[in-house]
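Structural characterization, general
Residue strings, one per chain:
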Amino acid sequence: RKEVEQDPGPFNVPEGATVAFNCTYSNSASQSFFWYRQDCRKEPKLLMSVYSSGNEDGRFTAQLNRASQYISLLIRDSKLSDSATYLCVVNPRNTDKLIFGTGTRLQVFP
Amino acid sequence: ETGVTQTPRHLVMGMTNKKSLKCEQHLGHNAMYWYKQSAKKPLELMFVYSLEERVENNSVPSRFSPECPNSSHLFLHLHTLQPEDSALYLCASSQGGAGGQGNNEQFFGPGTRLTVL
């Protein structure tokens, strides 16, 4: 089983749509969780951390379910500029090492 | 623009060449990383340096040789590479450390697109 698994997509959605991405991780002792965004031919950048209580940043909501070892990202009111690959990232041992998923590609069309 | 720069941005080399990738961070961080990103694969961590000491080496072939002369600079020396080594090589830095501050954001450079002929 992969350490971090994501549906690669692509997800093709119209502007204004709500889209959700899911991610599962294999190490139940994992300590911290993140969503990174990577635009085409660019480097990854932190989108948001994921907290046990769930957290929201504008149109983006991240949730963590430790019992199911599952992380989600919800994007509301999609914009064209949201088109990118979204990387699920897990820190399994609270060290400097991050484990990245393959990413889920999102394409928002007019 | 991030505070992490990488040179060169593109590199084409033959299998017998020797070249080096350079990374510099201007963020005052104390941990630096090399990652490899191949098509349709997740980012693969290659090396981690924390406080200028190598703390992680993910079974990377010896044809890749990292060097961290100080906390702001990181090199990846390449020699006798194979075509399957063609990929995007990303450098990152964070305000981490051997103390296990794993919640710290990693800032990535723009990467070096490497092609091995």
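Quick note: structure is the one above.
This section reports on the structure supplied with the text. (Residues numbered from 1 in each chain as written. Chains lettered and ligands numbered in written order. Predicted model: local features only at pLDDT ≥ 70, side-chain atom pairs only at ≥ 80, totals over all residues. Heavy atoms only, no water.)

**Quick look at the packing of aromatic side chains**
Following the criterion strictly, the structure yields 11 aromatic pairs over all chains and no others. Ring-pair connections join several aromatic residues into one group, and the members of that group are A:Phe34, A:Tyr36, A:Phe100, B:Tyr33, B:Tyr35 and B:Phe108. (Phe/Tyr/Trp six-rings, centres within 6.5 Å; stacked < 30°, edge-to-face > 60°.)

**Section: the pattern of salt bridges**
All names here are of chain A. In total, this model carries five salt bridges over all chains according to the counting rule given. Between Arg76 and Glu56 there is a salt bridge, and its shortest N-O distance comes to 3.6 Å. Residue Arg76 is located in the loop between β8 (70-75) and β9 (84-91), and its partner Glu56 is located in strand β6 (residues 55-57); the two are separated by 20 residues in the primary sequence. The exposure class assigned to Arg76 is partly exposed, which follows from its relative accessible area of 27%. (Salt bridge = Lys/Arg side-chain N within 4 Å of Asp/Glu carboxyl O. Helix = DSSP H or I, 4+ residues; strand = E, 2+ residues; numbered from the N terminus. Buried < 20%, exposed > 50% of the residue type's maximum accessible area, 1.4 Å probe, protein only.)

**Points about the environment of A:Gly101**
Relative to the helices and strands, A:Gly101 is located in the loop between β10 (99-100) and β11 (104-109). For A:Gly101, a relative accessible area of 1% gives the class buried. Leaving out residues up to four positions away in the same chain, A:Gly101 has contacts with A:Val4, A:Gln6, A:Leu87, A:Cys88 and B:Pro42. (Contact = heavy atoms within 4.5 Å.)

**Some details on the side chain of B:Gln25**
Residues and elements named next belong to chain B. One can find Gln25 in strand β3 (residues 18-25). A polar side-chain atom of Gln25 sits 3.0 Å from the main-chain amide nitrogen of Leu27. From its side chain, Gln25 meets the backbone oxygen of His29 in a polar contact 2.8 Å long. (Polar contact = N/O pair within 3.5 Å; in protein donor to acceptor, adjacent residues only side chain to side chain.)

**Regarding the sheet that holds β3(B)**
Residue and element names in this part refer to chain B. The sheet built from four strands is open, its strands ordered β1-β3-β8-β7 with antiparallel pairing. Edge positions in the open sheet fall to β1 (4-7) and β7 (64-70), since each of these has one partner strand only. Each neighbouring strand pair of the sheet contributes to a mean axis angle of 20°, computed without reference to strand direction. Both β3 and strand β8 (residues 73-79) contribute to a ladder of seven bridges, which runs antiparallel. If you follow Lys18 over to β8, its bridge partner there is His79. (Pairing = 2+ DSSP bridges. Axes fitted to C-alpha atoms, helices over the stretch in contact; angles between N-to-C directions.)

**Quick look at the sheet that holds β8(A)**
All names here are of chain A. The strand order β1-β3-β8-β7-β6 describes an open sheet built from five strands, whose pairing is antiparallel. Edge positions in the open sheet fall to β1 (4-6) and β6, since each of these has one partner strand only. For this sheet, the mean inter-axis angle between neighbouring strands, taken without regard to orientation, is 20°.

**A short note on the nonpolar core**
Of all hydrophobic cores here, the largest spans 24 residues; its most connected members are A:Phe21, A:Trp35, A:Ile71, A:Leu73, A:Ile75, A:Tyr86 and A:Leu106. If we skip the residues at most four places from it in the chain, A:Phe21 touches A:Phe11, A:Trp35, A:Ile71, A:Ser72, A:Leu73, A:Ile75, A:Tyr86, A:Thr104 and A:Leu106. Counting residues in hydrophobic clusters, the runner-up holds 22 residues, among them B:Met13, B:Phe47, B:Leu74 and B:Cys91. (Core = buried A, V, L, I, M, F, W, Y, C linked by side-chain atoms within 4.5 Å.)

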